[in-house]
Amino acid sequence: MRKYTLLAFAIFLITVALLSLMGDDAQAASQSKPTGEVRIVMPALWNEAIDPILAPSGAIRGLIAIYDQLVGGTPDGFDYSKKTGLAQDWKMSPDGKTWTFYLRKGVQFHRGFGELTAEDVKFTLERAKSERSVSQTKNYFKNNIGKIEVVDKYTVTVHSTKAPIPDLISMVSALYDSTEQLIVSKKAIEKLGEEGFARNPVGSGPYRFVEHIGGQYIKFEAMENHWRIGTPRFKYLYFQAVPEEETAIAMLARGDAIWCLSPGPT
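Scope of this entry: the structure provided in the associated data block. (Residues numbered from 1 in each chain as written. Predicted model: local features only at pLDDT ≥ 70, side-chain atom pairs only at ≥ 80, totals over all residues. Heavy atoms only, no water.)

### Focus: the sheet that holds strand β9 (residues 207-213)
Alright, step 1. Taken in spatial order, the four strands make up an open sheet running β2-β11-β10-β9, and their pairing is mixed. Of all strands in the sheet, those with a lone pairing partner are β2 (35-42) and β9, marking the two edges. The mean angle between the axes of side-by-side strands here comes to 20 degrees, regardless of whether they run parallel or antiparallel.
Alright, step 2. Sheet topology places β9 next to strand β10 (residues 217-222); six bridges connect them, and they run antiparallel. (Pairing = 2+ DSSP bridges. Helix = DSSP H or I, 4+ residues; strand = E, 2+ residues; numbered from the N terminus. Axes fitted to C-alpha atoms, helices over the stretch in contact; angles between N-to-C directions.)

### With respect to the packing of helix α4 (residues 118-128) against helix α7 (residues 186-199)
Alright, step 1. Where α4 contacts α7, the axes come no closer than 11 Å and their chain directions differ by 30 degrees. Classed by the angle they form, the pair α4 and α7 counts as roughly parallel. Across from E119, D120, F123 and R127 in α4, the residues of α7 making contact are K186, K187, I189, E194 and F197.
Alright, step 2. Here the contact of α4 with α7 is composed, by residue class, of three nonpolar, no polar and six charged. (Parallel < 35°, antiparallel > 145°, perpendicular 65-115°, else oblique. Contact = heavy atoms within 4.5 Å. Nonpolar A, V, L, I, M, F, W, Y, C, P; charged D, E, K, R; others polar.)

### With respect to the environment of P52
Alright, step 1. Looking at the element boundaries, P52 is found in the loop between β2 and α3 (60-63).
Alright, step 2. Along the chain, P52 and V184 lie 132 residues apart, while their C-alpha atoms are 8.2 Å from each other.
Alright, step 3. When near neighbours in sequence (up to four residues on either side) are disregarded, P52 contacts L63, Y67, T179, L182 and V184.

### Quick notes on the sheet that holds strand β7 (residues 145-152)
Either a parallel or an antiparallel arrangement is found when strands of a sheet pair, and the pairing is made through backbone hydrogen bonds.
Alright, step 1. As summarised here, the arrangement of the four strands in space is β5-β6-β8-β7, forming an open sheet in which the pairing is antiparallel. In this open sheet, the two edge strands, each paired with only one partner strand, are β5 (87-92) and β7. Strand-to-strand, the axes of this sheet are offset by a mean angle of 20 degrees, without reference to chain direction.
Alright, step 2. In this sheet, strand β8 (residues 155-160) lies alongside β7 in antiparallel orientation, the contact comprising five bridges. When the sheet's bridge partners are listed, I145 is paired in β8 with S160.
Alright, step 3. Contacts from α4 reach β6 (98-103), β7 and β8 within the one sheet, and its direction differs from that of β7 by about 170 degrees.

### Section: the pattern of salt bridges
Alright, step 1. This model, assessed by the stated rule, comprises 14 salt bridges.
Alright, step 2. Between R39 and E37 there is a salt bridge, with its nearest N and O atoms 3.1 Å apart.
Alright, step 3. Under the relative-accessibility criterion, R39 is labelled buried at 17%.
Alright, step 4. With a shortest N-O distance of 2.8 Å, K82 and D89 are connected by a salt bridge.
Alright, step 5. Residue K82 is classed as partly exposed on the basis of its relative accessible area, which comes to 42%.
Alright, step 6. Through salt bridges that share partners, D51, R127, R132, E194 and E195 make up one connected network. (Salt bridge = Lys/Arg side-chain N within 4 Å of Asp/Glu carboxyl O. Buried < 20%, exposed > 50% of the residue type's maximum accessible area, 1.4 Å probe, protein only.)

Function-wise, these values are silent; they only describe arrangement.
Structure below.
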């Protein structure tokens, strides 16, 4: 039997559009409650890591359900957006050695871990270049990012080690297919520990983590009002491993799954 393949979540933003009432409808969406569930099936669940620094780059297409990005992107994926990321503005110094990000106010982490602030951004970026990180851009962060400074509660400045870093904006944005720009809760990691956080991650996205059954599925639950998209359409979102092509096709035919299919070998 021919093996089926996924586009590695390459059109996950389209999936999010299916799950949510977005854009100008966000306020209206926040007046209703999410119902039902939706499943995205695939042959395997990346490496099953839900902690951004432990996950491969392709996992971002799933992890953006529970984490917010530092710098957002436009719907077509070709430009940065000051509306869809945590940074509502940014600027680079004339010499290209410093970037300053201005965060939007009032973004809340899940499970009562408080407001997302510049301290969380600093913590996330420093963590991305730590020894624990397996990120594909870990070396870029280690070699190019020096001091990270919290200017105030909603402003963070990133300094280069030596040379200009004009490409930093890309590396921490939705335009780059990696996970470093997914901001984690400093308080959650300090309370739960690294291993505890890896098992029970805390983000600020439209969904929160609920359950992970190894080799089977990862389950998320909708937040009733997210700052960017309002209320997601579905209450539960599953990423489910279904190795058998015939089973996956049957799930799709019944309407039990959303499935991104690509021809060719796995």
